[in-house]
Amino acid sequence: MLNPASVQLVFADLQDSIVEASATNPASSIRRSVKVLNGLVAALDLPFTVSAAPRPGGPGTIEEVPEGEPYVRTGPSCWDDTAWRAAVLSMSRPTLVICGVTTEMVVLRTALDALEGGMAVQVLVDACGGITRRTEEAALRQIEAAGGAVTSVAGFATDMVRDFTTPTGRQVIAALHQLI
């Protein structure tokens, strides 16, 4: 069972123009999954970071991402951004849960770098989008081979909350019902 006190989320490149380009997961599905994650952030008091690729007109994250000032990075890995990495490490939560677009770039590079940096990593496939099915699957296999876990928003949530009769459990199951 995953302890919520050990978890922090990363919302990476969930920007309007980028999410729409996902070829492996429809933008509407990514948005629904991210909305559920936003509910989990609130229900479980999970810290999070928002990372964005530089884009004309600003970062422009999708409305489903929790409100937070995005870290605008210059390369494919959030880990390479010194300010972002310092913020993540300062939380002293050893499990990094990543979602974003594209899986083959920002999710893959951030996951591998975080694993190398000593963090545990989970990638939430239903809150990610890739370039092609084959290349996304290759990236996910690479993350697993390096010691990361690949799961879903529902799998992640139910690993942390096992009793839906508590007040928090009721909030979590209500959020998860939005996936159906």
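Residues numbered from 1 in each chain as written. Predicted model: local features only at pLDDT ≥ 70, side-chain atom pairs only at ≥ 80, totals over all residues. Heavy atoms only, no water.

A. Layout of helix 3 (residues 82-90). Along helix 3, the residues classified as buried are Trp84, Ala87 and Val88. Looking straight down helix 3, one finds its buried side chains confined to an arc of 95°; they lie on one side. Facing away from the buried side of helix 3, by more than 90 degrees, are the exposed residues Thr82 and Ser90. Buried positions along helix 3 lie against strand 1 (7-12), strand 2 (48-52), strand 3 (71-72), strand 4 (95-101) and helix 4 (103-116). A side-chain oxygen of the first residue of helix 3 lies 3.2 Å from the backbone nitrogen of alanine 83; this N-cap is aspartate 81. Residue serine 92 follows helix 3 closely and has a positive phi angle near 50°. (Buried < 20%, exposed > 50% of the residue type's maximum accessible area, 1.4 Å probe, protein only. Helix = DSSP H or I, 4+ residues; strand = E, 2+ residues; numbered from the N terminus. Arc of directions from axis to C-beta. Contact = heavy atoms within 4.5 Å. Polar contact = N/O pair within 3.5 Å; in protein donor to acceptor, adjacent residues only side chain to side chain.)

B. Fine view of the pattern of salt bridges. All chains considered together, the criterion is met by 4 salt bridges. Between aspartate 16 and arginine 31 there is a salt bridge whose closest N-O contact spans 3.2 Å. Residue aspartate 16 is located in helix 1 (residues 16-19), and its partner arginine 31 is located in helix 2 (residues 27-44); the two are separated by 15 residues in the primary sequence. With relative accessibility at 37%, the residue aspartate 16 sits in the partly exposed group. (Salt bridge = Lys/Arg side-chain N within 4 Å of Asp/Glu carboxyl O.)

C. Layout of the environment of aspartate 163. As for its position among the elements, aspartate 163 is in the loop between helix 6 (153-160) and helix 7 (167-176). Measuring from C-alpha to C-alpha, the distance between aspartate 163 and isoleucine 173 comes to 9.4 Å, with 10 residues separating the pair along the chain. Side-chain polar atoms of aspartate 163 contact the side chain of threonine 165, separated by 2.5 Å.

D. Expanded view of the side chain of threonine 102. Inspection of the secondary structure assignment puts threonine 102 in the loop between strand 4 and helix 4. Setting aside chain neighbours within four positions, we find threonine 102 in contact with Val107, Gly129 and Ile131.

E. Representation of the nonpolar core within the structure. The biggest cluster of nonpolar side chains holds 56 residues, and the ones touching the most others in it are Phe11, Leu14, Leu37, Leu96 and Phe156. A total of 9 residues in this core trace back to one element, the largest contributor, which is helix 2. In contact with leucine 37, other than residues within four places in its own chain, are Leu9, Phe11, Cys99, Leu124, Ala127, Val153 and Phe156. (Core = buried A, V, L, I, M, F, W, Y, C linked by side-chain atoms within 4.5 Å.)

F. Structural view of the sheet that holds strand 2. Strand order in the open sheet formed by 6 strands is 3-2-1-4-5-6, with parallel pairing between adjacent strands. Edge positions in the open sheet fall to strand 3 and strand 6 (149-151), since each of these has one partner strand only. Strands in contact with helix 5 (residues 133-145) are strand 5 (120-129) and strand 6; relative to strand 5, the strand with the most contacts, it is inclined by about 165°. (Pairing = 2+ DSSP bridges. Axes fitted to C-alpha atoms, helices over the stretch in contact; angles between N-to-C directions.)

G. Focus on the packing of aromatic side chains. Scanning the model with the defined rule gives 2 aromatic pairs in all. Pairing phenylalanine 11 with phenylalanine 48 gives two aromatic rings, centres 5.9 Å apart and planes at 85°, and the pair type is edge-to-face. Residue phenylalanine 11 is found in strand 1, and its partner phenylalanine 48 is found in strand 2; the two are separated by 37 residues along the sequence. Its relative accessible area of 1% is what places phenylalanine 11 among the buried residues. Measuring from centroid to centroid gives 6.2 Å for tryptophan 79 and tryptophan 84, while their planes differ by 70°, and the two rings are edge-to-face. A relative accessible area of 11% places tryptophan 79 in the buried class. (Phe/Tyr/Trp six-rings, centres within 6.5 Å; stacked < 30°, edge-to-face > 60°.)

H. View of the environment of valine 88. Along the chain, the position of valine 88 falls in helix 3. Classification of valine 88 as buried rests on a relative accessible area of 1%. Taking the C-alpha atoms as reference, valine 88 lies 7.6 Å from threonine 49; in sequence the two are 39 residues apart. Sequence-distant contacts of valine 88, defined by excluding residues within four places in its chain, comprise Gln8, Thr49, Leu96 and Met119.

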